[in-house]
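Survey of secondary and tertiary structure
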Amino acid sequence: MSSPRKKAMFKAINTAPVTPCEKKTQKTDELFGCHVFGLSTMRKRLPKDVYRKLAKTIRDGERLNPEIADVVANAMKDWAIEMGATHYTHWFHPMTGLTAEKHDAFLSPAADGQVISEFSGKMLISGEPDASSFPSGGLRSTFEARGYTAWDPSVPVFIIPASYGATLHIPTYFYSYSGEALDRKIPLLRSIAALSRQALRILRLFGNHTASYVRPNVGPEQEYFLVDKNLAVLRPDLLLAGRTLLGAPSPKGQEMEDHYFGAIPGRVMSFMQDVENELWALGIPAKTRHNEVAPGQFEIAPVFEEANIACDHNMLTMNMMRHMAAKHGFVCLLHEKPFDGVNGSGKHNNWSISDSDGVNLLNPGSTPQDNAQFLVFLAAVLRAVHKHSVALRLGTVGAGNDHRLGANEAPPAILSVYLGEQLTDVLDGIVNGKSAASKKSGFMEVGVSTLPPLPVDLSDRNRTSPFAFTGNKFEFRAVGSSQSVAPVNIALNAAAACALDDIATELEASVAGGADLNSALQQLLPRLFKEHMPIVFNGNGYAAAWPEEAARRGLPNYHNTVDALAHYTDPEVMNVFLRHGILTEREILSRQEILLENYSKAVCIEGHLMADMLRTSVLPPSLTAQTRAAEAVLKARAVLGEAGADSEEAAFTELRGHIVALQQGVAALEKAVAVAQEAQGALEQATAARDTVLPAMKACREHADALERLVDDELWQLPKYAELLWAH
Ligand SMILES: NC(=O)CC[C@H](N)C(=O)O
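This is a predicted model, so every value here is computed, not measured. (Residues numbered from 1 in each chain as written. Predicted model: local features only at pLDDT ≥ 70, side-chain atom pairs only at ≥ 80, totals over all residues. Heavy atoms only, no water.)

Regarding empty space enclosed by the protein
As enumerated under the stated definition, the model contains 6 cavities of 30 Å³ or more in all. What lines the largest cavity is a set of 13 residues, among which Pro220, Ile284, Pro302, Asn314 and Thr317 lie closest to the centre. Listed by contribution, the elements that provide at least two residues to the lining of the largest cavity are strand 9 (214-228), strand 11 (297-302) and helix 11 (307-327). Here the lining of the largest cavity takes 4 residues from helix 11, the largest share from any one element. Residue composition of the lining of the largest cavity, grouped by class: 8 nonpolar, 4 polar and 1 charged. (1 Å grid on protein atoms, 1.4 Å probe; cavity = no way out; pocket = protein on both sides within 12 Å on 5 of 7 lines; lining within 4 Å. Points joined across faces, edges and corners; volume = space filled by probe spheres on them. Helix = DSSP H or I, 4+ residues; strand = E, 2+ residues; numbered from the N terminus. Nonpolar A, V, L, I, M, F, W, Y, C, P; charged D, E, K, R; others polar.)

Next up, the structure:
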């Protein structure tokens, strides 16, 4: 038990579960939302007319009326101080992919040398952080520091408690001096508004005059790994890159499939309970928890919320998990592929749309009228994914996710829609103009006026599909575990808005021309389903034949981030975002640049880090092992004569072969990193990172992992896969 690695392992397996924080109450319904200045708290603390105006602002997603801002801010401050808050912060989502906050105390100097607690309406509504160091993708020069934050009242403010004093968090947008979006919230809100406008046109055609808005709902399933902290600190790759850059496979990985839904280890249960308590207090409806497929992998999933809130809540969930892992002696890995050879982690984005009356528009209804409306929305989704699949693919780009997509554990990078046989039968029937008897009970006459009810469980599950219909929602499985769900939902809403716009325009024209809605639909739906049937694929997305079949269908397959990002500026891709004012041309260009830079930086950091680890942690024990092997050859020869040391020589030669190759590999890797860093232009740099750094890393890893299996275990410093994956 002498080496730091062995000591860490000993500590890891002897660590007892940490007791979760004491809760304010044992009852979940009392705990839920207690750290949120939500509607019920507002009603209690605000004058009636102020409450009414604020509630309307929240419901309609408007900016706060400045006349009531001071009263609202004051009530918030009093509540926050009672909850132990000393500071407030505007909390936002810059293009770093993480959240950002800068804290200010509630204090202002008073005339008598004392201080008073102060928080005005102005402080609540807007802020002006120094924005110079956030990525802007060329939207402004570094010296143009001005950036603004503005309260997004559609997400309630909340308190993050800490032993030293809580902080009031105000969810905000973040934009530049010139009014351009520097964050992911602004385009998300614009996309939600666009979807609402277009979907309402369809509802009005169906005679719905009560719905005042339509909103997308999102439920992101979050996968993650937990690694014992004692072991993780000995792995610079886990700490700096969030994934292992080296590591021979564990003799036992996920082959037995015994981890999936297995009994949750005690330490992990305490961690989960602590996370959930905090999330519930924040009004985040965390619902499901379980062991995932890979050893050391877990999942947390909330129930649906409106997309903007769900997105903020997922960012908060990730922050909370990282934070709470430290308390429980873990490091929480949100990377898409922390370990080679076992499953990576995704974030399955469940997406549906509902109207202001709470009706889920992707729910097949129980009347012919409802079914017809469902088919229109279904057609719109198929059209959105088929016509705008590149825009959707852009919502999943990232250096980490490239290791996962298409690796036969997550969907391929080709976008297709899984509908299940039954629903596909129904659509085929509509396309072919004849009634379609489906496999099970579902049966649908052609001609929407005679549609019988559709069965509820319209589809099986298909894990290999990136975009699967699951009965009343779509599950977009391509998003990576570390990614914000904002980009993919911006793209989904934008693409759906375009498709609904096309459909509404045609139907409105037919109706205006005197056609009744049913005959207009009978004209439109068979044509639409026929046009977009190539996007429907119910088969195995992991099969080798699928990419070929997809190519025949004309479906794009951009299987890495750089290829996908190069198409951000294709006119038809830009148009998805331009058409309804979701992003301006300058905002699109800046996002393309930021994402490309982010990719090259991530790859170059990994390359640099791997070279350092190879030089300082892999080569030294390997060289010691080589010296021992050389001594073994000499000793065997001394005893057995020149010809008697064959096996010792073979062992030495094998070691030396990998060592020499690795020494050359490290030099090549360092050169590749330097070349990529010097390349001019964001696309060129990202291309160089992909084409030179990644292959150089792969070549090194082969030898390093072979050495791990050859070098004496007591010499090896880096915790091994078996230890990282199984010590919980
Ligand atoms: N059980 C599962 O759904 C596995 C999903 C897989 N981990 C992914 O990356 O998407």
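Examining helix 11
Taking 1.5 Å of rise per residue, the 21 residues of helix 11 would be expected to cover 30 Å, and the 30 Å separating its terminal C-alpha atoms lies within 8% of that figure. Among the 21 residues of helix 11, 16 are classified as buried, and the element is accordingly described as predominantly covered. (Expected span 1.5 Å × (residues − 1). Buried < 20%, exposed > 50% of the residue type's maximum accessible area, 1.4 Å probe, protein only.)

Some remarks on the site of the ligand
Glu223, Gly344, His348, Arg404 and Arg463 are the nearest of the 14 residues found near the ligand. Interatomic distance of 3.3 Å between a backbone N/O atom of Gly346 and an oxygen atom of the ligand. Separating a nitrogen atom of the ligand from a side-chain N or O atom of Arg463 is a distance of 3.0 Å. In isolation the ligand offers 300 Å² of accessible surface; the protein chains occlude 95% of this area. A per-class count over the shell around the ligand returns 3 nonpolar, 5 polar and 6 charged. (Near = heavy atom within 4 Å. Polar contact = N/O pair within 3.5 Å; in protein donor to acceptor, adjacent residues only side chain to side chain. Areas by Shrake-Rupley, 256 points an atom, 1.4 Å probe, with all protein chains shown as cover.)

Description of the nonpolar core
Counting 133 residues, the largest nonpolar core has Leu419 and Phe577 as its most contacted members. In terms of domain composition, this core takes at least three residues from each of domain 2 (191-244 + 256-440 + 455-583) and domain 3 (598-726). In this view, Phe577 contacts Ala391, Ile490, Ala491, Ala494, Tyr568, Ile582, Leu583 and Ile588; residues no more than four positions away in its chain are not counted. (Core = buried A, V, L, I, M, F, W, Y, C linked by side-chain atoms within 4.5 Å. Domains from an automatic or database assignment. Contact = heavy atoms within 4.5 Å.)

Focus: a nonpolar patch on the surface
On the surface, Val233, Leu239 and Leu240 cluster together into a nonpolar patch covering about 300 Å² of accessible area. With respect to the helices, strands and loops of the structure, Leu240 is situated in helix 9 (residues 236-240). Here Leu240 falls in the exposed class, since its relative accessible area comes to 62%. (Patch = residues over 30% accessible without salt bridge, like charges linked within 9 Å, V, L, I, M, F, W, Y side chains within 5 Å. Salt bridge = Lys/Arg side-chain N within 4 Å of Asp/Glu carboxyl O.)

Geometric values such as these leave the question of function open.
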